[in-house]
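# Observations on the three-dimensional arrangement
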Amino acid sequence: MNDRRPNVPALEVRGLVKTFGDRTAVDHLDLTIARGEILALLGPNGAGKTTTVEICEGFTAPDAGTVRVLGLDPVTDNDALRRRIGVMLQGGGAYPGARAEEMLRLVAAYSADPIDPDFLLGALGLDEVRRTPYRRLSGGQQQRLALACAVVGRPELVFLDEPTAGLDAHARLVVWELIDRLRADGVTVLLTTHLMDEAEELADQVVIIDHGRVVACGTPADLTSTGAENELRFTAPRGLDLTTLTLALPEGYHCTEPTPGNYLVIGSITPQVLATVTAWCARINVLATDLRVETRSLEDVFLELTGRALRP
Ligand SMILES: Nc1ncnc2c1ncn2[C@@H]1O[C@H](COP(=O)(O)OP(=O)(O)OP(=O)(O)O)[C@@H](O)[C@H]1O
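Cut-offs used in this document
Residues numbered from 1 in each chain as written. Predicted model: local features only at pLDDT ≥ 70, side-chain atom pairs only at ≥ 80, totals over all residues. UniProt positions renumbered as here; feature names shortened; annotations may be inferred. Near = placed C-beta within 6 Å. Helix = DSSP H or I, 4+ residues; strand = E, 2+ residues; numbered from the N terminus. Nonpolar A, V, L, I, M, F, W, Y, C, P; charged D, E, K, R; others polar. Core = buried A, V, L, I, M, F, W, Y, C linked by C-beta atoms within 7 Å. Buried ≥ 20, exposed ≤ 12 C-beta atoms within 10 Å, placed from the backbone. Contact = placed C-beta atoms within 7 Å. pLDDT = per-residue confidence, 0-100. Pairing = 2+ DSSP bridges. Axes fitted to C-alpha atoms, helices over the stretch in contact; angles between N-to-C directions.

Where an unreviewed UniProt entry is consulted, the protein appears under the name ABC transporter ATP-binding protein, with the organism given as Gordonia paraffinivorans NBRC 108238. Quoted straight from UniProt, the Subcellular location (unreviewed entry) entry for the protein says "Cell membrane".

Have a look at this one:
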């Protein structure tokens, strides 16, 4: 069945399990990506990201569970799906001797309505190497060319496994811009990353996985604010009596002076709480400086959930 109904999710994974020997790489994983959404699968090394993506791409068969990609089975309906999904292959596929531009045009030729290869080469900063054989490109250039090949056929859904791994800061931004354009064109994207800023910047939905299981999911804002203890920091003369500030604030707020002259208020920092703190300063005739409200990052969330850092 070739299901293009907009209410059919672009990707639906239910109870996915994959083991390698006695190692469980993916452990009853559920994922849903709506059409046009960008989902980031975030997790540390070995969390099961690549295995999940390879199953969705139809390269690896699952041990249990169901996967539907654009309503189709990625293994049995592989031929029908190939034209509708984009996959970033590493290693140049079958043509390592081909020049960058030739490779991209070759892939574009399989599509009825490809994106202009010249546009993609320019957008991904590959203009200068269009005549360079694939094997002589730098790692970052090969990666950007792989991305160009993945999207040139105007796929409905693109799988990007660590699309910016090993890229320098400029090349990362170039890739982020391209992913933003895909979003604007209504393309659905599943990307894996272990970079929090990448997930926060690009994703509509973030799914944090660890040991092959979902440990949290939501929008980046949901994940960094759910149950969050935001904090307010400010600098003022040392040794202030914080009892009156604690009394002025609603119940549950915690005020401390972790180092002399540096103050910390822990709790949900609403505009009213901020006003209470500054009013308290005014009442005791103290000028608070360096006042700042800080929120948790996805890294903090991950650490709380798993006790492990995202980076190796
Ligand atoms: N072909 C395989 N044979 C044996 N074990 C495998 C195989 N592929 C993956 N694994 C194991 O499955 C687990 C999940 O690996 P996977 O590559 O999916 O994680 P990942 O989240 O993509 O990690 P990374 O960020 O390092 O790429 C790891 O413990 C890995 O060693």
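Structure's up, so let's keep going.
This part takes up the site of the ligand. Around the ligand sit Phe20, Arg23, Ala25, Gly43, Asn45, Gly46, Ala47, Gly48, Lys49, Thr50, Thr51 and His194, and that is every residue in its neighbourhood. Those elements that provide at least two residues to the shell around the ligand are strand S2 (23-33) and helix H1 (49-56). Residue contributions to the shell around the ligand peak at three residues, all from H1. Partitioning the shell around the ligand into residue classes produces three nonpolar, seven polar and two charged.

With that settled, the discussion passes to the nonpolar core. Counting 68 residues, the largest nonpolar core has Leu104, Ala148 and Leu190 as the members making the most contacts within it. Among the elements that make up this core, the one with the highest residue count is helix H5 (residues 139-151) (seven residues). Ranked by size, the runner-up nonpolar core spans eight residues in total, among them Leu232, Cys255, Tyr263 and Val277.

Below, the discussion takes up the environment of asparagine 230. Among the structural elements, asparagine 230 can be located in the loop between helix H8 (220-225) and strand S10 (231-235). A count of 17 C-beta atoms within 10 Å places asparagine 230 in the partly exposed class. Separated by 36 residues in the primary sequence, asparagine 230 and isoleucine 266 place their C-alpha atoms 6.2 Å from one another. Among residues more than four places away in sequence, those in contact with asparagine 230 are Ser268, Ile269, Val293, Glu294 and Thr295.

Moving on, we get to the confidence of the model for the protein. Taken over all residues, the pLDDT of the protein has a mean of 88, while the share at 70 or more is 91%. Across the protein, element-level confidence peaks in strand S1 (residues 11-20) with a mean pLDDT of 97 and bottoms out in helix H11 (residues 298-306) with 70. In the predicted assembly, ipTM is 0.96 and pTM is 0.78.

Turning our attention to the sheet that holds strand S12 (residues 262-266). Reading across from one edge, S11-S12-S10-S13 is the order of the four strands in this open sheet, with antiparallel pairing throughout. In this open sheet, the two strands that pair with only one neighbour each are strand S11 (254-259) and strand S13 (289-294). Strand-to-strand twist across the sheet, computed as the mean angle between neighbouring axes with direction ignored, equals 20°. Strand direction decides the pairing type here: S10 and S12, joined by five bridges, are antiparallel. Residue leucine 232 lies in a different strand from S12, and its bridge partner there is valine 265.

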